[in-house]
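So you can see what is in the structure, the chains are spelled out below.
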Amino acid sequence: MSQSQYELNKGLAQMLKGGVIMDVTTPEQAEIAEKAGACAVMALERIPADIRAAGGISRMSDPKMIKGIQEAVSIPVMAKCRIGHFVEAQILEAIEIDYIDESEVLSPADDIYHIDKTQFKVPFVCGARDLGEALRRINEGAAMIRTKGEPGTGDVVQAVRHMRKMNSEIRKITSMSKDELFEEAKQLQVPYDLIKFVHENGKLPVVNFAAGGVATPADAALMMQLGAEGVFVGSGIFKSGDPEKRAAAIVQAVTNYTDAKLIAQLSEDLGEAMVGINPGEIKIIMEERGK
Amino acid sequence: MRIGILSVQGAFIEHEKMISALNNEFEETIECVQIRQKKDLENIDGIILPGGESTVQGKLIKDLDMYDELRDKIENGVPTLATCAGLILLAQNIENDDTTHLSTLPVTVQRNAYGRQLGSFVTTGNAGEINDYPLVFIRAPYITQAEPEVNILTTVDKKIVGVQYKNQIGLAFHPEMTDDLRIHKYFIEQIHFKKRTA
């Protein structure tokens, strides 16, 4: 990937900022998401809550199903491949997906290596629980980062933990003296240049979204106030009582994330939220996949 | 001087940074206001419509009840700089689509005219009087038709990608994604000119 292509790929993520990216499984859902104000959709066969319920190995979605969604909407379409599965990524690039999510939601294909994302022209987004993970993924070529959270649970606690941790580590590096940065790079197992960027700019070199367990307008606004630049909503929308209304409410809550009066109005009469599961009740911990 | 930047979704902070970087080049202090609700539109001298997703921005300006006021301001001559999604918001017609948004600029645009993300590209070109400007296209539109009174600023491969019509500057590319401040400077000069002659 050329430097200018990487800049364009980071740039697309910048265009998505302040927006909501929604998981969809059919062209009809994609249209609902677009009408409700999604800035992009994530095309996948099963949303995380169903992947969790079904168990077994989950893989990249059927390209035909993804193409159906690409035809249904005009906003960017993303799709997931397994961690380390560079052939799934090649397939997604071949069908001209706008963004690939190398995702812990699917079963990992490689328990050591992530995909060398610099070999692709198409952009990648990757999950991270802390600053080290985020910078390692960026070093591998990721053009966008999201928190891992714990997908498919409707429980926002891990997304909050990951966002807080990342931001507190960023603050720590910002306040370090220059000669301490070399050791910090060693500790986090990332190149010095990336640590230096964080030290000088007080932020990641790419856009950072929140993901995992966001189910309500308040959850989305919480993540924004904690410093997310936008929000992924997976199971939270189409596992709820009134997807259309909930989706539109989450979109507005992300735009006006500090206006509690407006978020109060938006939170009224949304019908049933997705059923949540506590971390103690789940067997598969997806956030631990890929480090 | 107060410049309102539509901040419902997209790359609005990038525009704010460009404007801030120009602050010491002008005598008058320039203040940026993030437009998220109708009340934010009060007392602004210029409007920036940033890149992002036009479907999202177009929906939110209606949902958040600022459509009429925003449109009136543009119609009434408040200098407006619109980039990428912003250009789509201004266009009077969108190819293969019945929807229009603010519909104040007499052009027809084609959305995602260069295809998906793999079609995104960078090149250099002239923007009106500004030479050798870096042109960044990200899932960009282009203009398929412009009314005769529209002044064409930029073309790439014979496609119109930058225009000015009275107070409105519409660009298919992203000056906010470069380090080159000349287009924003030109825009601020337009606001100055408008204020002096008002």
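Predicted, not measured: the structure shown is a model, and the values here were computed from it.

## Describing helix α4 (residues 63–72) of chain A
Residue and element names in this part refer to chain A.
Right, on to step 1. Those residues of α4 that fall on the buried side of the exposure criterion are M65, I66, I69 and Q70. Angularly, the buried residues of α4 cover 145° about the axis, an arc narrow enough to put them on a single face. Residues of α4 that are exposed and point over 90 degrees away from its buried face: K64 and E71.
Right, on to step 2. Between the side-chain oxygen at the start of α4 and the backbone nitrogen of K64 there is a gap of 2.8 Å, and the oxygen is on D62.

## With respect to the sheet that holds strand β7 (residues 207–209) of chain A
All names here are of chain A.
Right, on to step 1. Spatial strand order, β7-β6-β5-β4-β3-β2-β1-β8: 8 strands in an open sheet with parallel pairing. Because the sheet does not close on itself, it has two edges, and the strands there are β7 and β8 (231–233). Sheet twist, expressed as the mean angle between neighbouring strand axes with direction ignored, is 30°.
Right, on to step 2. Bridging between strand β6 (residues 144–147) and β7 involves 3 bridges; their strand directions are parallel. Counterpart to R146 in the pairing with β7 is F209.
Right, on to step 3. Relative to the sheet, helix α6 (residues 131–139) contacts β5 (124–128) and β6, its axis offset from that of β5 by approximately 160°.
Right, on to step 4. Contacts between helix α7 (residues 157–174) and the sheet are confined to β5, β6 and β7, with β6 contributing the most and set at about 125° to the helix.

## Section: helix α9 (residues 192–201) of chain A
Given 3.6 residues to a turn, an α-helix orients residues that are three or four positions apart in the same direction.
Residue and element names in this part refer to chain A.
Right, on to step 1. For α9, the set of buried residues is L194, I195, V198 and H199. For α9, the arc enclosing every buried residue in end-on projection is 140°, short of the 170-degree limit, so these residues lie on one face. Exposed and facing more than 90 degrees away from the buried side of α9 are D193 and E200.
Right, on to step 2. Residues of α9 that are buried sit in contact with α6, α7 and α8 (181–188).
Right, on to step 3. Positive backbone phi, at 65°, marks G202, one or two positions downstream of α9.

## Points about a nonpolar patch on the surface
Residues and elements named next belong to chain A.
Right, on to step 1. Together, F86, V87 and I91 make up an exposed nonpolar region whose accessible area comes to about 250 Å².
Right, on to step 2. Considering the arrangement of structural elements, one finds I91 in helix α5 (residues 86–94).
Right, on to step 3. Given a relative accessible area of 33%, I91 falls into the partly exposed group.

## Things to note about the interface of chain B and chain A
Right, on to step 1. Contacts between chain B and chain A engage 33 residues on the former and 36 residues on the latter.
Right, on to step 2. Its largest share of buried area at the contact with chain A, chain B owes to R116(B), Q117(B) and L118(B), together 27% of the area lost on that side.
Right, on to step 3. Here chain B is connected to chain A by 2 salt bridges.
Right, on to step 4. Residue K17(A) pairs with E14(B) through a salt bridge whose shortest N-O separation is 2.6 Å.
Right, on to step 5. One can count 19 residue pairs in polar contact (both at pLDDT 80 or more) joining chain B with chain A.
Right, on to step 6. When residues of the side of chain B that touches chain A are traced back to their parent elements, those giving at least two are α1 (12–22), α2 (54–63), β7 (121–127) and β8 (130–137) of chain B.
Right, on to step 7. Broken down by class, the residue content of the side of chain B that touches chain A amounts to 13 nonpolar, 11 polar and 9 charged.

## A look at the pattern of salt bridges
Residue and element names in this part refer to chain A.
Right, on to step 1. All chains considered together, the criterion is met by 29 salt bridges over all chains.
Right, on to step 2. For E183, the salt bridge goes to K186, with nearest N and O atoms at 3.3 Å. Pair noted here: E183 and K186 are both in helix α8, with a separation of 3 residues, about one helical turn.
Right, on to step 3. Here the salt bridges share partners, and the residues they tie into one network are K80, D101, E104 and R146.

## Description of the packing of aromatic side chains
All names here are of chain B.
Right, on to step 1. The tally for this structure, following the rule as stated, stands at 9 aromatic pairs over all chains.
Right, on to step 2. Among the aromatic residues, those joined into a ring-pair cluster are Y114, F121, Y133, F137, Y142 and F173.
Right, on to step 3. The ring of Y67 has K62 sitting right over it, with the charged end atom 5.1 Å from the ring centre.

## Quick word on the pairing of β5(A)
Residue and element names in this part refer to chain A.
Right, on to step 1. Counting buried positions over the 5 residues of β5 gives 5, a clear majority of the element.
Right, on to step 2. As defined by bridge partners, strand β4 (residues 99–103) adjoins β5 across 3 bridges and the pair is classed as parallel. Across the sheet, D101 pairs through a bridge with V125, a residue of β5.
Right, on to step 3. Examined bridge by bridge, β5 and β6 share 4 bridges and lie parallel to one another. The partner of C126 across the bridge, within β6, is I145.

## Some remarks on the nonpolar core
Right, on to step 1. Membership of the largest hydrophobic core comes to 158 residues, with the highest contact counts inside it found for M144(A), I145(A), M223(A) and I3(B).
Right, on to step 2. At 7 residues, helix α12 (residues 243–255) of chain A tops the list of elements feeding residues into this core.
Right, on to step 3. Beyond its immediate stretch of four places on either side in the chain, I3(B) contacts I19(B), I30(B), E31(B), C32(B), V33(B), G46(B), I48(B), F187(B), I188(B) and I191(B).

## Comments concerning the confidence of the model for chain B
Right, on to step 1. Predicted confidence across chain B gives a mean pLDDT of 96, with 100% of residues reaching 70 or more.
Right, on to step 2. Scoring the predicted complex yields pTM 0.95 and, for the interface, ipTM 0.94.

## Quick notes on the side chain of H174(B)
Right, on to step 1. Of note, H174(B) is situated in the loop between β12 (168–171) and α5 (182–197).
Right, on to step 2. Sequence-distant contacts of H174(B), defined by excluding residues within four places in its chain, comprise M15(A), G51(B), T83(B), C84(B), V136(B) and I138(B).

## Comments concerning the state of the cysteines
Right, on to step 1. Enumeration over the complete set of coordinates arrives at 0 disulfides over all chains.
Right, on to step 2. Of all cysteine sulfurs, the one in C81(A) lies closest to C126(A), which takes part in no disulfide; the gap is 8.1 Å.
Right, on to step 3. Taking relative accessible area as the criterion, C126(A) reaches 0% and is therefore assigned buried.
Right, on to step 4. The structure places no disulfide on C84(B), whose sulfur is separated from the nearest cysteine sulfur, that of C39(A), by 14 Å.
Right, on to step 5. Among the residues examined, C84(B) registers a relative accessible area of 5% and is labelled buried.

## So, the environment of L194(A)
Residue and element names in this part refer to chain A.
Right, on to step 1. Examined against the element boundaries, L194 turns out to sit in helix α9.
Right, on to step 2. Residues L194 and R136, spaced 58 residues apart in sequence, show a C-alpha to C-alpha distance of 9.2 Å.
Right, on to step 3. In this structure, L194 is in contact with L135, I138, N139 and P205, ignoring residues within four places of it in sequence.

Calculation notes
- Counting restarts for each chain, with residues numbered from 1 along the sequence as it is written.
- Key to labels: chains lettered from A, ligands numbered from 1, both in the order written.
- In keeping with the predicted nature of the model, local features appear solely for residues at pLDDT of at least 70, side-chain atom pairs appear and are counted solely at 80 or more, and the whole-chain, interface and lining totals rest on all residues.
- Think of the side-chain values as coming from all heavy atoms in the structure, minus any hydrogens and water.
- Burial classes follow relative accessibility: with a 1.4 Å probe on protein chains only, a residue under 20% of its type's maximum area counts as buried, one over 50% as exposed, and anything between as partly exposed.
- The helix count covers DSSP runs of H or I at least four residues long, the strand count covers runs of E at least two residues long, and both are numbered beginning at the N terminus.
- Of all possible arcs, the one meant is that of the directions from the helix axis to the C-beta atoms.
- Throughout this description, a polar contact denotes any pair of N or O atoms lying within 3.5 Å of each other; where both atoms belong to protein, one of them has to be capable of donating a hydrogen while the other can accept it, and for residues adjacent in sequence the pair is counted only when both atoms sit in side chains.
- Two strands pair under a simple rule: DSSP has to find at least two bridges between them.
- As a rule, the C-alpha atoms of each element are fitted with a line to give its axis, helices using only the stretch in contact, and angles between N-to-C directions run from 0 to 180 degrees.
- We call two residues contacting when some pair of their heavy atoms lies within 4.5 Å.
- Each patch is built from salt-bridge-free residues with over 30% relative accessible area, joining like charges within 9 Å and nonpolar side chains (Val, Leu, Ile, Met, Phe, Trp, Tyr) within 5 Å.
- We get accessible surface area from the Shrake-Rupley algorithm with a probe of 1.4 Å; when it comes to residues, only the shown protein chains can shield them.
- Here a salt bridge means any side-chain nitrogen of Lys or Arg lying within 4 Å of a carboxyl oxygen belonging to Asp or Glu.
- Two parts placed together each lose some accessible area; with a 1.4 Å probe, that loss summed over both constitutes the buried area.
- Residues are sorted three ways: Asp, Glu, Lys and Arg are charged, Ala, Val, Leu, Ile, Met, Phe, Trp, Tyr, Cys and Pro are nonpolar, and all the rest, Gly among them, are polar.
- Each Phe, Tyr or Trp ring, with Trp reduced to its six-membered ring, pairs with another whose centre is within 6.5 Å; inter-plane angles below 30 degrees give stacked pairs, above 60 give edge-to-face pairs, and intermediate values give tilted ones.
- Sitting over a ring, as applied to charges here, requires NZ of Lys or CZ of Arg to be within 6 Å of the ring centre and within 35 degrees of the ring normal.
- In this description, a nonpolar core means a group of buried Ala, Val, Leu, Ile, Met, Phe, Trp, Tyr and Cys residues linked to one another through side-chain atoms lying within 4.5 Å.
- Values of pLDDT, the confidence the predictor places in each residue, fall between 0 and 100.
- The criterion for a disulfide is a pair of cysteine sulfur atoms lying within 2.5 Å.

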